[in-house]
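Read off the chains here:
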Amino acid sequence: MNQPERLYTLYWKDGRLYILDQRLLPHRVEYLSCTRYREVADAIREMAVRGAPAIGITAAFGMAVAAYEVLAEENTQARLRSYLAEASRELFKARPTAVNLAWALERIEKWLSENEGLSLKDIAAGLLREAEAIYREDLENNRMIGINGCALIPDRASVLTHCNAGALATGGYGTALGVIRASVAEGKKVHVYIDETRPLLQGSRLTAFEMLHDDIPATLVTDNCAGSLMKQGKIDLIVVGADHIARNGDTANKIGTYSLAVLAASHNIPLYVAAPLSTIDLALPAGEDIIIEERKPEEVTCFGNQAVAPDGIEVYNPAFDVTPAKLIKALITEKGVIYNPDQEKLYKLFAKV
Ligand code: MRU
């Protein structure tokens, strides 16, 4: 087992990409060691690494891995170009909903088109530097999201979150959990309710792990507890991450987010979405255009290795749903907070960049 001094979602060492295998958390800390881009694509597809920004960062490193593969085996520019194009296509296909994946690959392709004359060695090194920059910038963006989101979290707030939009899902610190972390760092007392997040339990396995690690008071609940908690007055606000935000503000996030948004509206509780600009897709007009990933039935029919449904039952297992912008009180980004997000405000936000 290769373990760095602190828990990184991924890291690069001695020509290899190490990816924390989040499927094993919270019980085991193990890293996958990747020297082939196909291993990186598998890690994304099989959700060893997950969370929109982390997927994007991983794909960028996957391109550097591909370049080093060619460098080790065969030294022609043409081979490098065709292999990188193939790697980009494969990595892109690994998961369809999180737009950060396409965003990171586009950024890598832009770097490649701007650096055509370089040697193979310099291209591989340059791709690695670009991936590292994407990683570093995501961490910085999360810290800004935290700072910007702080103002929305009152002292003694009771906050509900869904899935894991924390350090593990990003370059570090987290988006939704970054807002919580920043509020706690400011001295606010915050209590976090964590939805377990069926079927893959990112809430109970990962968010609970992060909150315990940081000593942030938290309570784990089943997903179907949310409405009852709201009715009892135990939730002041909801903060979640995002996988794909259309230009009208409609937001895809982990399945169950839409149900929370509807419940929140009927209890007059604000729902905030915390996400970097790399999750906003100005090319996409509205939420109905977002491709929603459907995953295998076994995620629902089994609990761990234990079957919990009869053989042969039909299953519908979308990994995400779309919350319409009108149910989102504000979008918290590294460039500021956008209340009642809509197309005009999102265009303006990008005009500031
Ligand atoms: O299927 P996952 O675990 O990749 O889904 C993750 C989420 O839905 C997160 O809320 C989202 O990616 C934001 S992570 C900062």
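Right, let's walk through the structure included here. Everything numeric here is computed off the predicted structure, so don't read it as measured data. (Residues numbered from 1 in each chain as written. Predicted model: local features only at pLDDT ≥ 70, side-chain atom pairs only at ≥ 80, totals over all residues. Heavy atoms only, no water.)

What to know about the overall build of the protein chain
The helix and strand tally for the protein chain stands at eleven helices and 16 strands. Whereas a compact globule of 353 residues would reach a radius of gyration of roughly 20 Å, the protein chain reaches 20 Å, a difference of no more than 12%. Taken along the three principal axes of its C-alpha coordinates, the protein chain extends 65 × 50 × 40 Å. Each of the 353 residues in the protein chain was classed as buried or not, and the buried ones make up 55%. For the protein chain, contacts bridging at least 24 residues in sequence account for 74% of all contacts bridging at least 6. Carbon and sulfur atoms provide 51% of the accessible area of the protein chain, an area that totals close to 15,700 Å². (Helix = DSSP H or I, 4+ residues; strand = E, 2+ residues; numbered from the N terminus. Rg over C-alpha atoms; globule rule 2.2 N^0.38 Å. Buried < 20%, exposed > 50% of the residue type's maximum accessible area, 1.4 Å probe, protein only. Contact = heavy atoms within 4.5 Å. Areas by Shrake-Rupley, 256 points an atom, 1.4 Å probe, with all protein chains shown as cover.)

Remarks on the sheet that holds strand β1 (residues 10-13)
If you walk across this open sheet you meet the three strands as β1-β2-β3, and the pairing is antiparallel. Edge positions in the open sheet fall to β1 and β3 (31-34), since each of these has one partner strand only. Across this sheet, the average inter-strand angle for adjacent strands is 25 degrees, counted without regard to direction. Both strand β2 (residues 16-20) and β3 contribute to a ladder of four bridges, which runs antiparallel. In the strand pairing of β3, Leu17 is matched with Cys34. Contacting β1, β2 and β3, helix α2 (residues 52-73) crosses the sheet at an angle of about 20 degrees to β1. (Pairing = 2+ DSSP bridges. Axes fitted to C-alpha atoms, helices over the stretch in contact; angles between N-to-C directions.)

Quick word on the site of the ligand
As a structural note, the neighbourhood of the ligand is formed by 18 residues, with Ala52, Arg95, Asp243, Asn253 and Lys254 the closest of them. Here an oxygen atom of the ligand sits 2.8 Å away from a polar atom, N or O, in the side chain of Arg50. Separating an oxygen atom of the ligand from a side-chain N or O atom of Asn253 is a distance of 2.6 Å. Across the complex, the protein chains shield 100% of the 420 Å² of accessible surface that the ligand would expose by itself. Only α2 and β9 (251-254) provide two or more residues apiece to the shell around the ligand. Across the shell around the ligand, the residue classes tally to eight nonpolar, six polar and four charged. (Near = heavy atom within 4 Å. Polar contact = N/O pair within 3.5 Å; in protein donor to acceptor, adjacent residues only side chain to side chain. Nonpolar A, V, L, I, M, F, W, Y, C, P; charged D, E, K, R; others polar.)

Remarks on the packing of helix α1 (residues 37-45) against α2
The relative placement of two packed helices comes down to the angle between their axes together with the axis-to-axis distance. It is the contact of α1 with α2, at a shortest axis distance of 8 Å, that shows an interaxial angle of 165 degrees. Here α1 is positioned roughly antiparallel relative to α2, judged by the angle of their axes. For the element pair α1 and α2, the recorded crossing hand is left-handed. On the side of α1, the interface is formed by Tyr37, Val40 and Ile44, while α2 contributes Ile55, Thr58, Ala59, Gly62, Val65, Ala66 and Glu69. Of the residues in the contact of α1 with α2, the class split is seven nonpolar, two polar and one charged. (Parallel < 35°, antiparallel > 145°, perpendicular 65-115°, else oblique. Left-handed = near helix turned anticlockwise from the far one by under 90°.)

Keep in mind these numbers describe shape, not what the thing actually does.
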